[in-house]
Every structure is written in structure tokens, then in C-alpha cells.
Amino acid sequence: MPKGSLNVSLKGADDIFSTEESRQEQQREQVQQIPIGELFPFKNHPFKVLDDESMQRTVESVEQYGVLSPLIARPRPEGGYEIISGHRRQHAAQLAGLDTLPVIVRNMDDDAAVLLMVDSNLQRENILPSERAFAYKMKLEAIERTVGRPKNVGQVVPDYFGKRSTEVVAEGTGESYKQIQRFIRLTNLVPELLDMVDEKKIAFNPAVELSYLDESQQRDFLEAMNDTQNAPSLSQAQRLKKLVQEGHFSYDVAFAVMGEEKKGRAGQGGHQKRHPAEILSPQLHPETDGGRHHQAAGTVAAQTAAAERTLTYTVTKDPMRSFSFAIKRRKAYEKQRYLYHPLRENHH
């Protein structure tokens, strides 16, 4: 038979050794149009979807061009699909009135899905500290579960060439493994304090120190912070952490620490801190109260100055031993400053 009459179709190596399962997997990797109503957010998704200016720009882009980059999702046992990557695109598509979205559907276990979800979202430009904190924590836990090791932050992971688990999390983030650990500490903050970190009302490093306070202590600190109208410096947060470790923490202690004068702020314009004594009792007129003239008003200024000096010295110079004395001086200060306080039993 002439060679030209042969019609032989040779399969490539990939076709020869591929299985039916792998061919089905390749088919599933194709982009599908999925109804928006069948797409659900990832469980405990740490990244916030906000209706801000950036979202409005995304909506306008979707209205004009559609969703150009497909979402990644996995099937849910109860039906529908769980979004792994593309939560913001889905929300923008909803606001733009789209009915379906392009989606790549993958079968993934929980840990693999967490790793992909975190890595894909960390590529965004603007990420809040709280988002990074919970994302890093989720990735760390997924890595440690994957290698079958107990949950111990910073442990050495054998399957990653002897690297610490936090070093594996840090890869590709531009952060050191110690910075990853600090971010994860933020997950111990109560929501109100964590929101303040996102809003830049509390700096990152002081927030890390405050994360060592338990929930009750954090709420006492938050009250003291609000009462003194001061944000904590790093040194103040470190001292509060040390006081907690030594068993000396209380609301009064936090109030005294937060009421201290910060270096470089005296005499500056704009918002200024208030001395703790200015918040201890209601402000009264220096000379009259309800029509009653204060005969002792002339001596109050000198007494007040002395009390302020004693209170400030006690808190700043000997913070570990003299808080009880500081509280006593604070009460004495109140009596000296407000000789005719309407709530006192001996006022005339």
C-alpha cells in the first residue's frame, strides 16, 4: 500500500498518559457564565468589600466593559459556588445590574482554597491592617494544617525546606516573618480598637503592644483613652503591657498613663491632650457656682498647681509602685480644686 494512503493519527504524550479525571478537570477550568445568585462569599473572608470611591470606579468600569477578569470559585456541597477570588468584582457586578459573571470553577479543599484566596487578595494596592492581620492568620493556620503540625506560631515547617511557618507566609508579601507575627497579634484586639487601627487613630506598633491585654483590660483602656482624649504612644502601650504582666493594671492606672504629657506636644496648636485632673470632675466656674461666691478662690490656683505637680511626678517618675498614691492624690486634687462642688456634703 502506498505511504500516501495511510491515515494515521498519532496522539501526543499528554493525551496518551492523561486520565479521564484530568481531562474533566481541564474542562472544568474553562470559564463559565454563572448566575450571580449562585455565587456566595468565602467563609470568614477577611477582606472588606466597601462601597467607597474605588468601588464606584469599579462599577463604572463594569457597566462600560463588563467583568474582564473571571472570578475563581469552587462548588459548594449545598449547591452554588463559593468565591475564592473576586468578591469586589461580584459586588460591583451586582451594583451594575449584571445577571451572570465569568467564573473559573475549581475543586479545592479548604486549606488550598484559603491559600489561594489570601494570595490573590493580597495583590490589591490598599489593604487595611485588620485585613492583613486576619489574612495572614488564615494562611498561617492553613499552612500548618497542610503539613500536619500543631498550631505554634513561628514553628519550623519541614515541607518548606526548614523555614518557619511565618517565613512561608511572608514570602511574596515584602514583610519579614517577625512583621507577620506582629500583624497576627492584631487579631487579638477587640473590634473597637482594631477599627481605630484601620482608621489610623491608633498607630500599628502601639496596637501590637495593646493586643497583649485581655478583652476586659482592653475595654478599660479604651474607656481611659476616650476619657483623656489621647491616642497611645509606643512607650505608653509598652508600659501598660508591662503593668498587665505584673498584675498592676486597672482603669485608674490606664487613665493615669494616658493622661501624661507627650514629648513635643506642649505648646503646639491644634488638638491637645487634657490633664487627667481636668476630667475627674465636672468643670465649674473658678469663682462662682450657682450664684455662690467662692471665698477661697484665691488659694485654689496654688493648691491646684501643687496637686498637678505631685500627680504628674507620681505617674511619670515611678509608674510601677505609686499608682495607689497617685489615685489618692487625685482625690485630694479634686477636693482642693472644687471646694464647693455641689455633690460634696460639706459645701455651704
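Quick notes on the rules
- Every chain begins its residue count from 1, and numbering advances along the sequence as written.
- Local features in this predicted model are restricted to residues whose pLDDT is 70 or higher, and side-chain atom pairs enter the listing and the counts only when it is 80 or higher, whereas totals over whole chains, interfaces and linings include all residues.
- To obtain the side-chain values, all non-hydrogen atoms of the structure were included, while hydrogens and water were left out.
- Two strands form a pair only when DSSP identifies at least two bridges running between them.
- By definition, any uninterrupted DSSP run of H or I lasting at least four residues is a helix, any uninterrupted run of E lasting at least two residues is a strand, and each is numbered from the N terminus.
- A contact between two residues is defined here by any heavy atoms of the two lying within 4.5 Å.
- Note on geometry: axes are C-alpha line fits, over the in-contact stretch for helices, and angles between N-to-C directions span 0 to 180 degrees.
- Each reported salt bridge corresponds to a side-chain nitrogen of Lys or Arg within 4 Å of a carboxyl oxygen of Asp or Glu.
- Burial status follows relative accessibility: with a 1.4 Å probe on protein chains alone, a residue under 20% of its type maximum counts as buried, one over 50% as exposed, and anything between as partly exposed.
- Any Phe, Tyr or Trp ring, taking Trp's six-membered ring, that has another such ring centre within 6.5 Å forms a pair; planes under 30 degrees apart are called stacked, those over 60 apart edge-to-face, and the others tilted.
- In this analysis the charged atom, NZ for Lys or CZ for Arg, is taken to sit over a ring once it is within 6 Å of the ring centre and within 35 degrees of the ring normal.

*Asks:* Hey, could you run me through the sheet that holds strand S2 (residues 39-40) in this one?
*Replies:* Consider a sheet: its strands pair through backbone hydrogen bonds, and that pairing is either parallel or antiparallel. Judged by pairing direction, the sheet is mixed, and its five strands sit side by side in the order S1-S5-S3-S4-S2 without closing on themselves. Either end of the sheet is taken by a strand with one partner, and the two such strands are strand S1 (32-35) and S2. As paired elements, strand S3 (residues 71-75) and strand S5 (residues 100-105) share three bridges and run parallel to each other. Note on S5: the bridge partner recorded for Leu-71 is Val-103. Packed on one face of the sheet, helix H4 (residues 87-96) meets S2, S3, strand S4 (81-85) and S5 and runs near 115 degrees to S4.

*Asks:* I would appreciate a short explanation of the pattern of salt bridges in the present structure.
*Replies:* A side chain with one charge can pair with a side chain of the opposite charge if their charged atoms come near. One pass over the full model with this rule turns up twelve salt bridges. Ionic pairing is found between Arg-74 and Asp-110, a salt bridge with its closest N-O pair at 2.9 Å. Note that Arg-74 is positioned in strand S3 and Asp-110 in helix H5 (residues 110-121), a separation of 36 residues in sequence. Using a relative accessible area of 11% as the deciding quantity, one classes Arg-74 as buried.

*Asks:* How should the packing of aromatic side chains be read in this particular structure?
*Replies:* The way to describe two aromatic rings as a pair is by their centre distance and the angle between their planes. A full pass over the atoms with the stated rule returns three aromatic pairs. Aromatic pair Phe-183 and Phe-204: ring centres 4.8 Å apart, planes at 50 degrees, arrangement tilted. Here the residue Phe-183 occupies a position in helix H8 (residues 177-185), and Phe-204 occupies one in helix H10 (residues 204-210), the gap between them amounting to 21 residues. Phe-204 shares its class with Phe-183; the two are buried. Directly above the ring of Tyr-212 sits Arg-185, whose terminal nitrogen or CZ lies 3.9 Å from the centroid. One Lys or Arg, Lys-241, reaches over the ring of Tyr-212 and ends 3.9 Å from the middle of that ring.

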